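# Architecture and fold: a report
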Amino acid sequence: MINIFVINISDERWERYKQDKRFTRWVGVDGRQLPLAFVEQNYITYWNARESHKRSVAGCGESHLSLLKHIYENKINNVLIIEDDTVVDFDRLSELKDIKEFCYLGGRFQGKTLKHKPHTGLLFEGVNTITPFTFTITGGHAYYIPTYNIASDIYHDIMSKPKRRAIDAEFRRLQKGGKIKKFIYPAIVELYLPHAMNGFTYNVSSQYKLQDTNKFY
């Protein structure tokens, strides 16, 4: 059985999931409630970022990290983590049966740096390998963790740093270091546009514009 955790702080967004017993709600950290001193002491953000953005980055990061900690402390295996603006293709979850490492089930392709276009080469249906010298995967809205030991390794790697970046930036760092390598293509978990377009990454004031559900990253 796959344990599916939905990171969520909004009762309205939870409405889409709560009737389906396959989903477990993980009440995340609302960055608006975090002390600003905690945010600034523990997170690296752009010097000119608005306070609301800094808080959102920290809240999102703390939500993922607290769930990773819960997974390894309670020895939970076979875990799918999603954010609350996504849709899961349950018919494809059988593709996870042979995966033995952290694996993205959705996200966005990113070039080697923000200035570079991603060059993925030929992609195959099913499990593919990230080649961080030409592309990485950003976004943290869907990933699979087969064992609690993997959750522990990722959590402690991130927490070992004096200050941390946004969770997807930390995951990209782990990709570049060869600790996160796999993704399933096309995405098993896509964005739910009515909610994804109103998050802290994509919204009317953001420089990032969402074009589709990221089915093809």
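Above this text sits the structure in question.
Residues numbered from 1 in each chain as written. Predicted model: local features only at pLDDT ≥ 70, side-chain atom pairs only at ≥ 80, totals over all residues. Heavy atoms only, no water.

## Digging into the pattern of salt bridges
In total, this model carries 13 salt bridges according to the counting rule given. Among the salt bridges present, the one from Asp30 reaches Arg32, with a minimum N-O distance of 2.9 Å. Between Lys215 and Glu190 there is a salt bridge, with the nearest N and O atoms lying 3.7 Å from each other. With Lys215 in the segment after α6 (193–196) and Glu190 in strand β11 (residues 189–191), the pair connects residues that are 25 residues apart, well separated along the chain. Through salt bridges with shared partners, a single network forms among Asp157, Glu170, Arg173 and Lys179. (Salt bridge = Lys/Arg side-chain N within 4 Å of Asp/Glu carboxyl O. Helix = DSSP H or I, 4+ residues; strand = E, 2+ residues; numbered from the N terminus.)

## Brief notes about the packing of helix α3 (residues 51–73) against helix α4 (residues 148–159)
At a minimum axis separation of 8 Å, α3 and α4 run at an interaxial angle of 140 degrees. In this view, α3 runs oblique relative to α4, as classed from their interaxial angle. For the pair α3 and α4, the crossing hand works out as left-handed. Two secondary-structure elements touch here, α3 through Leu65, Leu68, Lys69, Ile71 and Tyr72 and α4 through Tyr148, Ala151, Ser152, Ile154, Tyr155, His156, Ile158 and Met159. Residues belonging to the contact of α3 with α4 are distributed by class as follows: 10 nonpolar, two polar and one charged. (Axes fitted to C-alpha atoms, helices over the stretch in contact; angles between N-to-C directions. Parallel < 35°, antiparallel > 145°, perpendicular 65-115°, else oblique. Left-handed = near helix turned anticlockwise from the far one by under 90°. Contact = heavy atoms within 4.5 Å. Nonpolar A, V, L, I, M, F, W, Y, C, P; charged D, E, K, R; others polar.)

## Focus on the side chain of Asn42
As for its position among the elements, Asn42 is in helix α2 (residues 36–42). There is a polar contact of 2.9 Å between the side chain of Asn42 and the backbone oxygen of Phe38. Leave out the neighbours within four places in its chain, and Asn42 touches Lys163 and Arg164. (Polar contact = N/O pair within 3.5 Å; in protein donor to acceptor, adjacent residues only side chain to side chain.)

## Let's talk about the packing of aromatic side chains
Here the structure, examined in full by the defined rule, presents 16 aromatic pairs. Between Tyr17 and Phe23, the aromatic rings sit 5.0 Å apart at their centres with planes inclined by 85 degrees, giving edge-to-face as the arrangement. In this structure Tyr17 comes out as buried when scored by relative accessible area, which is 2%. When the ring of Phe102 is compared with that of Phe171, the centres are 5.3 Å apart and the planes differ by 70 degrees; the resulting orientation is edge-to-face. Of the two residues, Phe102 is situated in the loop between β4 (86–88) and β5 (103–104) and Phe171 in helix α5 (residues 167–176); the sequence distance between them amounts to 69 residues. Like Phe102, the residue Phe171 is buried in the burial classification. Through a chain of ring-to-ring contacts, the aromatic side chains of Phe109, Phe135, Phe183, Tyr185, Phe216 and Tyr217 assemble into a single cluster. Directly above the aromatic system of Tyr192 lies the positively charged group of Arg16, at a separation of 3.9 Å from the ring centroid. The ring of Phe90 carries Arg22 above its face, with NZ or CZ at 3.5 Å from the centroid. (Phe/Tyr/Trp six-rings, centres within 6.5 Å; stacked < 30°, edge-to-face > 60°. Buried < 20%, exposed > 50% of the residue type's maximum accessible area, 1.4 Å probe, protein only. Lys NZ or Arg CZ within 6 Å of the ring centre and 35° of its normal.)

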